[in-house]
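Examination of the molecular architecture
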Amino acid sequence: MYLLAVVGNLIIIVLVCVISQLHTPMYFFLCNLSSVDAIYVSTILPKMLSIIFTEDKMISYYGCIIQLYFFIFCGNAENNILACMAYDRYVAVCSPLHYSLIMTRKVCFIVGTSYMTFSAVNSLILTLMISTLSFCYSHKINHVYCDILPLMALSSSDTWSMKMMISMESICVTGTFIFILTSYIRIISTVVKIRTSSGQLKAFSSCSSHIITVLLFFGPCIFMYLIPESENSKDQGKILSMLYVAVVPMLNPFVYSLRNKEVLGAARKM
């Protein structure tokens, strides 16, 4: 799974960078998504593989903090990239004549730089807040990698400020999800008005890969928040988090390559 995720996402990055026909806003954001996914799996899975092979379940304090930083960074970045991709599809379907004026290279570069900077700063703040906590009760992390909530559960410090920050993060993620849903409601309402079935099919096919990626990304999150807090829910949360950090980054390249004629055409050229 790790090799498939890394190789698949690297292939997408190379195709988008090398093939000129893929130098469009949609594939710019796809390249960003693949870059983040490659970092995502490389942050979590190598350490997990090491634990499986060596049966040494230890992780250093600084190793845990670094893993936490990149985990939060990638989660934030992917969330923002999916929102940008939803807006890109909205403009392409609902305002096709203005698409080239709205989604310029300059706009894409500014937006891409902005959400990467925001994700890096946000992740740094949360990681620094976690690093200031005291861990006196136990050093056994009840999770498969270093995540905020399991680390907070180990802390003997006051975590009220951290809980407030996490609540704000949850509101931001919910807002992004609502933005994506609103974009697709507008897209669907526009597509339904298209008179020809071939035109409807073409419009839907340009969005289908992104819809699948959004469902794969937000699905585990929604299930984790819907499950009531209990010992069983913690175990289910671990399984869902594995879907989140391993399965989704592995599937994204397949979703975009197998369901996209432009990517398949670019692959044949390579």
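Bear in mind the structure is a predicted one, so any value in this text is a computation, not a measurement.

1. Structural notes on the overall build of the chain
Counting its secondary structure elements, the chain contains 10 helices and 0 strands. The N-to-C order of helical and strand elements in the chain reads α-α-α-α-α-α-α-α-α-α. The C-alpha atoms of the chain give 20 Å as radius of gyration, which agrees with the globular expectation for 270 residues (18 Å, within 12%). Put simply, the chain has 270 residues, and 44% of those count as buried.

2. A look at the pattern of salt bridges
When charged atoms on two side chains of opposite charge get close, those side chains can pair. As enumerated under the stated definition, the model contains 1 salt bridge in all. Taking the shortest distance from any N to any O, the salt bridge between Arg89 and Asp88 comes out at 2.9 Å. When sorted by exposure, Arg89 lands in the same class as Asp88, which is buried.

3. Some points on the UniProt feature "transmembrane region" (unreviewed entry) in the chain
Feature annotation in UniProt assigns "transmembrane region" (unreviewed entry) to the following positions: residues 6-22, 59-77, 107-130, 164-187, 207-227 and 239-258. Spanning residues 6-22, this segment combines 76% helix with 0% strand, and its end C-alpha atoms are found 20 Å apart. Helix makes up 100% of residues 164-187 and strand 0%, with an end-to-end C-alpha separation of 35 Å.

4. What to know about the packing of helix H2 (residues 25-54) against helix H5 (residues 105-131)
Between H2 and H5, the least distance of the axes is 11 Å, while the angle of their chain directions is 20°. Considering their axes alone, H2 and H5 lie roughly parallel with respect to each other. As H2 packs across H5, the resulting crossing turns out to be right-handed. Only Cys108, Phe109, Val111, Gly112, Tyr115 and Met116 of H5 make contact with H2, whose side of the interface consists of Pro25, Phe28, Phe29, Asn32 and Val36. When its residues are assigned to classes, the contact of H2 with H5 shows 9 nonpolar, 2 polar and no charged.

5. Description of the packing of aromatic side chains
Evaluated as defined, the whole model comprises 10 aromatic pairs. Considering the side-chain rings of Tyr61 and Tyr62, the 5.4 Å spacing of their centres and the 75° angle between planes classify their relative orientation as edge-to-face. What makes Tyr61 partly exposed here is its relative accessible area of 39%. Note on Tyr69 and Phe73: the rings are 6.5 Å apart at their centroids and 5° apart in plane angle, and the pair reads as stacked. Here Tyr69 and its partner Phe73 are both found in helix H3 (residues 61-94), 4 residues apart, which amounts to about one turn of the helix. By way of ring pairs, the aromatic residues Phe28, Phe29 and Tyr115 are connected into one cluster.

6. Side note on the side chain of Thr127
When you line up the elements, Thr127 lands in helix H5. The residues touching Thr127, leaving out its near neighbours within four places in the chain, are Ile65, Leu68, Tyr69 and Ile72.

7. Some points on helix H1 (residues 2-18)
Helix length check: H1, at 17 residues, gives a terminal C-alpha distance of 24 Å against a target of 24 Å (1.5 Å per residue), a fit within 8%. For H1, the full list of buried residues reads Ala5, Val6, Gly8, Asn9, Ile12, Ile13, Leu15 and Val16.

8. Quick look at the state of the cysteines
Across all of its chains, the model carries 1 disulfide by this definition. Here Cys31 stays free of any disulfide, with the sulfur of Cys17 as its closest cysteine sulfur at 4.3 Å.

9. Brief notes about the environment of Val107
Structurally, Val107 can be placed in helix H5. Given the relative accessible area of 33%, Val107 is considered partly exposed. Separated by 82 residues in sequence, Val107 and Pro25 have C-alpha atoms that sit 9.3 Å apart.

10. Considerations on a nonpolar patch on the surface
Together, Ile39, Tyr61, Tyr62, Ile66 and Phe70 line one region of the surface with nonpolar side chains, adding up to about 520 Å² of accessible area. The biggest single contributor to the nonpolar patch is H3, with 4 residues.

What counts and how
Residues numbered from 1 in each chain as written. Predicted model: local features only at pLDDT ≥ 70, side-chain atom pairs only at ≥ 80, totals over all residues. Heavy atoms only, no water. Helix = DSSP H or I, 4+ residues; strand = E, 2+ residues; numbered from the N terminus. Rg over C-alpha atoms; globule rule 2.2 N^0.38 Å. Buried < 20%, exposed > 50% of the residue type's maximum accessible area, 1.4 Å probe, protein only. Salt bridge = Lys/Arg side-chain N within 4 Å of Asp/Glu carboxyl O. UniProt positions renumbered as here; feature names shortened; annotations may be inferred. Axes fitted to C-alpha atoms, helices over the stretch in contact; angles between N-to-C directions. Parallel < 35°, antiparallel > 145°, perpendicular 65-115°, else oblique. Left-handed = near helix turned anticlockwise from the far one by under 90°. Contact = heavy atoms within 4.5 Å. Nonpolar A, V, L, I, M, F, W, Y, C, P; charged D, E, K, R; others polar. Phe/Tyr/Trp six-rings, centres within 6.5 Å; stacked < 30°, edge-to-face > 60°. Expected span 1.5 Å × (residues − 1). Disulfide = S-S within 2.5 Å. Patch = residues over 30% accessible without salt bridge, like charges linked within 9 Å, V, L, I, M, F, W, Y side chains within 5 Å. Areas by Shrake-Rupley, 256 points an atom, 1.4 Å probe, with all protein chains shown as cover.

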